[in-house]
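Below, each chain spelled out in residue letters.
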Amino acid sequence: MMWQDFVFLAGSVLSITFLAPTVRDPTAQVPLGSSVPSMTVGAVYSFTYATMGMTFSAAGSLGVATMWSLIACYRSPGPVSGPQTIARFVASLPGRARESVVDALGSGPSATTEAEHAAD
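One numbering rule holds for all chains: residues counted from 1, following each sequence as written. In keeping with the predicted nature of the model, local features appear solely for residues at pLDDT of at least 70, side-chain atom pairs appear and are counted solely at 80 or more, and the whole-chain, interface and lining totals rest on all residues. Think of the side-chain values as coming from all heavy atoms in the structure, minus any hydrogens and water.

1. Regarding the overall build of the protein chain
- Every helix listed is a DSSP run of H or I at least four residues long, and every strand listed is a run of E at least two residues long, numbered separately from the N terminus. Helices and strands together make up the secondary structure of the protein chain, namely 5 helices and 0 strands.
- Along the protein chain, helices and strands appear, N-terminal first, in the series α-α-α-α-α.
- Buried residues are those whose accessible area, probed at 1.4 Å on protein chains only, stays under 20% of the maximum for their type, while exposed residues exceed 50% and partly exposed ones sit between those limits. With 120 residues in all, the protein chain has 28% of them scored as buried.
- Here, Shrake-Rupley sampling with a 1.4 Å probe gives the accessible areas, and only protein chains in the shown set may cover a residue. Accessible surface computed for the protein chain: about 7,700 Å², of which carbon and sulfur atoms make up 67%.

2. A few points about the packing of aromatic side chains
- Two rings belonging to Phe, Tyr or Trp (six-membered ring only in the last case) form a pair when the distance between their centres is within 6.5 Å. Interplanar angles under 30 degrees mark stacking, angles over 60 mark edge-to-face geometry, and anything in between is tilted. The full count for this structure, using the stated rule, is 3 aromatic pairs.
- By the ring-pair criterion, three or more aromatic residues cluster together here, those being Phe 8, Tyr 45 and Tyr 49.

3. Observations regarding the UniProt feature "transmembrane region" (unreviewed entry) in the protein chain
- UniProt positions are given in the numbering used here, feature names are shortened, and annotations may be inferred rather than shown by experiment. Feature annotation in UniProt assigns "transmembrane region" (unreviewed entry) to the following positions: residues 48-71.
- With 88% helix and 0% strand, residues 48-71 has its two end C-alpha atoms placed 23 Å apart.

4. Section: helix α4 (residues 84-105)
- To estimate the expected span of a helix, count its residues, drop one, and scale the result by 1.5 Å. Over its 22 residues, α4 extends 32 Å from the first C-alpha to the last, a length consistent with the 32 Å expected when each residue adds 1.5 Å.
- For a residue, the bend is simply the angle between two axes, fitted respectively to the seven-residue segment ending there and the seven-residue segment starting there. The largest bend along α4 reaches roughly 40° and is located at Leu 93, with the proline Pro 94 sitting one to four residues downstream.
- Among the residues of α4, those classed as buried are Thr 85, Ile 86 and Phe 89.
- Should any heavy atoms of two residues lie within 4.5 Å, those residues are counted as being in contact. The inward-facing, buried residues of α4 abut α2 (32-51) and α3 (55-74).
- Once α4 finishes, Gly 106 follows within two positions and takes phi at roughly 75°, a positive value.

5. Brief notes about a nonpolar patch on the surface
- Grouping into patches uses exposed residues only, defined as over 30% relative accessible area, and leaves out salt-bridged ones; the cut-off is 9 Å for like charges and 5 Å for nonpolar side chains (Val, Leu, Ile, Met, Phe, Trp, Tyr). What counts as a salt bridge is simple: a side-chain nitrogen of Lys or Arg found within 4 Å of a carboxyl oxygen of Asp or Glu. On the surface, Met 1, Phe 6 and Phe 56 cluster together into a nonpolar patch covering about 350 Å² of accessible area.
- Following the sequence through the fold, Met 1 ends up in the segment before α1 (3-24).

Here it is, written out as structure tokens:
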């Protein structure tokens, strides 16, 4: 048994404790852009810890991933709640990526105006 396993578990327990009020608050609104990546990172950490034999760390990270998934499903702004919220977010990613590329390349209608103002 490695002592680091318990340190990571303690960090996860603290995260779960700090996330609990958000899960319980029906008026909380956490953007999916924050909760879905956090949920995914928690799940990846859990899997990684499990493959390293760090059982307690894996369980703690799975708990954190679960809390973030509850926040994503039930505390995100939008017309639906529940697991379909995450599916809606994932389905919107290609459009968001396209918008980001267009904005980065300056192809949008306001790009010329912004470039002109930057030159002043």
